[in-house]
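Inside the fold
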Amino acid sequence: MKKLRNRIEQIKKKRPGYREILDFYQKIREAQDDAKASLSIDPIKLKQEWKKLLAKEGFSLIQKEDFPVDAEASVKLFQSVCQIGKEANPHMAEQVKKIEEAIQNKRLDLRKLLKKGVKEKKVEQVADEFGLDKKVFSFLIQSSTKPSIEGGMERLRGEIDSETWLKGYCPICGSLPSLSLLKEEVGKRYLLCSYCGYQWRIDRLFCPFCNNKDQESLHYLFAEGEEAYRIDLCDKCQQYIKTIDYRNLAESDPVLEDLATLHLDILASQKGYKRPVPNPWTT
Ligand SMILES: [Zn+2]
Ligand SMILES: [Zn+2]
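First things first, this report covers the structure right here in the doc. Throughout this description, residue numbers start from 1 for each chain and increase along the sequence as written. Each chain takes a letter, starting from A, and each ligand takes a number, starting from 1, following the order in which they are written. Where totals are concerned, whole chains, interfaces and linings use all residues; where local detail is concerned, this predicted model gives features only for residues with pLDDT of at least 70, and gives and counts side-chain atom pairs only at 80 or more. To obtain the side-chain values, all non-hydrogen atoms of the structure were included, while hydrogens and water were left out.

1. Points about empty space enclosed by the protein
Stated precisely, the cut-off is as follows: Buried and open spaces are told apart on a 1 Å grid over the protein atoms alone, a cavity being a set of points where a 1.4 Å probe fits but cannot get out and a pocket being an open set with protein on both sides within 12 Å along at least five of seven lines. Residues with an atom within 4 Å of a point are the lining residues. Grid points are joined across faces, edges and corners, and a volume is the space filled by probe spheres set on the points. In DSSP terms, a helix is any run of H or I states spanning at least four residues, a strand is any run of E spanning at least two, and both are numbered starting from the N terminus. Classes in brief: Ala, Val, Leu, Ile, Met, Phe, Trp, Tyr, Cys and Pro nonpolar; Asp, Glu, Lys and Arg charged; the others, Gly included, polar.
Overall, the coordinates contain one cavity of 30 Å³ or more when judged by the stated rule. There is about 40 Å³ of room inside the largest cavity. As for the largest cavity, its lining consists of P177, S178, F209, Y240, I241, K242, R275, P276 and V277. For the lining of the largest cavity, the secondary structure elements donating two or more residues are β1 (177-183) and β6 (239-245). Looking at which element gives the most residues to the lining of the largest cavity, the answer is β6, with three residues. Among the residues making up the lining of the largest cavity, the classes are represented as six nonpolar, one polar and two charged.

See below:
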């Protein structure tokens, strides 16, 4: 956390425009870090005989909703995240107020909602039922279950070879990547799972969203003086992924670096490219 705080201070000085959103990020990360300390999640049962077949057929190890969640800890964290959100912006404050009312009236039972893992459809249904902004509610749920999901990913990490999967989706949970990372002198390229945070290797020239490998239709852009960040564009599907080049940057939290370079997303969007996995922190 100390490293993260220092890096946030560094970015704030360089780009004061990001001050508010970085404060918000820091507070939530601190709350998640606190929650991690007392986390208790059920073991994930894997049928070993299925594992090989799944991998061979290109299926992920589990589904997003199979991650066990510590409902108790998540509900507590949900409350903290709501408090932080309330202070962050008026729209979030309004949404949190609606949620708190529903909980007080005993119409919304978060523990029940999270007990069997995060079911995306169920979360959407609840948002509909209480007239909530789906994006905000999903963000709050995701932020408060993140420690459980990451804990589950850590447990499954040993079941997978991160160097040989080479596909555009996560070998653990099947989700799309939110970022790509270049590492080591030779510039090995990795994808970061938008859901569980797992990282796996892929080819340098490859669009994870349409599997395009054609050099002619893959290119990238970056801003002058910011060579550590680039936007990898694919002309075939008109989508892009942001890449963080750790050969030009000291080790740091990729999600933070993504958040501090939203201007590059604007640039890509102006050029007509879409980001398949939007940055959840901008909702
Ligand atoms: Zn994943
Ligand atoms: Zn593509």
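More follows now that the structure is in view.
2. With respect to the sheet that holds strand β4 (residues 218-221)
The criterion, for reference: Strands are treated as partners if at least two bridges between them are detected by DSSP. Working convention: axes come from line fits to C-alpha atoms, limited for helices to the stretch in contact. Angles between N-to-C directions cover 0 to 180 degrees.
Taken together, the six strands give an open sheet; going across it, the order is β3-β2-β1-β6-β5-β4, and neighbouring strands pair in mixed fashion. Every interior strand has two partners, whereas the edge strands, β3 (199-202) and β4, have only one. Across the sheet, the mean angle from the axis of one strand to that of its neighbour is 35°, orientation sign disregarded.

3. Some words on the packing of aromatic side chains
Formally: Pairing of aromatic side chains requires ring centres within 6.5 Å, counting the rings of Phe and Tyr and the six-membered ring of Trp. Pairs whose planes differ by under 30 degrees are stacked, by over 60 edge-to-face, and all others tilted. The classification of residues rests on relative accessible area computed with a 1.4 Å probe and restricted to protein chains. Under 20% of the type maximum is buried, over 50% is exposed, and intermediate values are partly exposed.
For the coordinates displayed, the defined rule picks out eight aromatic pairs. Ring plane angle 75° and centroid distance 6.4 Å describe the contact between F78 and F137, whose orientation is recorded as edge-to-face. Here the residue F78 occupies a position in helix α4 (residues 71-88), and F137 occupies one in helix α8 (residues 134-156), the gap between them amounting to 59 residues. An identical accessibility class is assigned to F78 and F137; each is buried. Ring centres 5.1 Å apart and planes at 80° place the aromatic pair F139 and W281 in the edge-to-face group.

4. Section: the coordination of the zinc ion (ligand 2)
Short version of the rule: In this listing, donors mean N, O and S atoms no farther than 2.8 Å from the metal, or 3.2 Å for Na, K and Ca; water is missing from the atoms, so a site can look incomplete. Geometry is assigned from donor-metal-donor angles: four donors are tetrahedral when every angle falls between 85 and 135 degrees, four are square planar and six octahedral when opposite donors sit over 155 degrees apart with all other angles between 65 and 115, and any other arrangement is irregular.
On the protein side, the zinc ion (ligand 2) has C207 (SG), C210 (SG), C234 (SG) and C237 (SG) as donor atoms, found 2.3 Å from it. Here the zinc ion (ligand 2) is ringed by four donor atoms whose angles at the metal span 103 to 113°, and the overall shape comes out tetrahedral. A relative accessible area of 4% means that C207 is categorised as buried.

5. Section: the nonpolar core
Filter applied, for reference: Each nonpolar core is a collection of buried residues, namely Ala, Val, Leu, Ile, Met, Phe, Trp, Tyr and Cys, held together in the definition by side-chain atoms within 4.5 Å.
Grouped together as the largest cluster of nonpolar side chains are 68 residues, with contacts concentrated most on F67, F137, L140, I141, I172, C196 and Y198. A total of eight residues in this core trace back to one element, the largest contributor, which is α8. Core analysis: the next-biggest nonpolar cluster, separate from the first, contains 16 residues, L192, A228, Y240 and Y246 among them.

6. Structural notes on the packing of helix α7 (residues 120-129) against α8
Helix-helix packing is described using two parameters, namely the angle between the two axes and the distance between the axes. Where we set the bar: If an angle is under 35 degrees, it is roughly parallel; if it is over 145, roughly antiparallel; if it lies from 65 to 115, roughly perpendicular; otherwise it is oblique. With the far helix as reference, a near helix turned anticlockwise by less than a right angle produces a left-handed crossing, and one turned clockwise produces a right-handed crossing. The contact definition used throughout considers only heavy atoms, calling two residues in contact when any of these lie within 4.5 Å.
Between α7 and α8, the least distance of the axes is 9 Å, while the angle of their chain directions is 130°. On the basis of the axis angle, α7 is oblique to α8. By crossing handedness, the relation of α7 to α8 is classed as right-handed. On α8, the residues touching V123, E124, V126, A127 and D128 of α7 are K134, F137, S138 and I141. When grouped by side-chain class, the residues that make up the contact of α7 with α8 number five nonpolar, one polar and three charged.

7. Observations regarding the environment of G131
Summarising the element assignment, G131 is placed in the loop between α7 and α8. For G131, a relative accessible area of 42% corresponds to the partly exposed category. Sequence-wise, G131 and V96 are 35 residues apart; in three dimensions their C-alpha atoms are separated by 12 Å.

Limitation: the analysis is restricted to geometry and does not speak to function.
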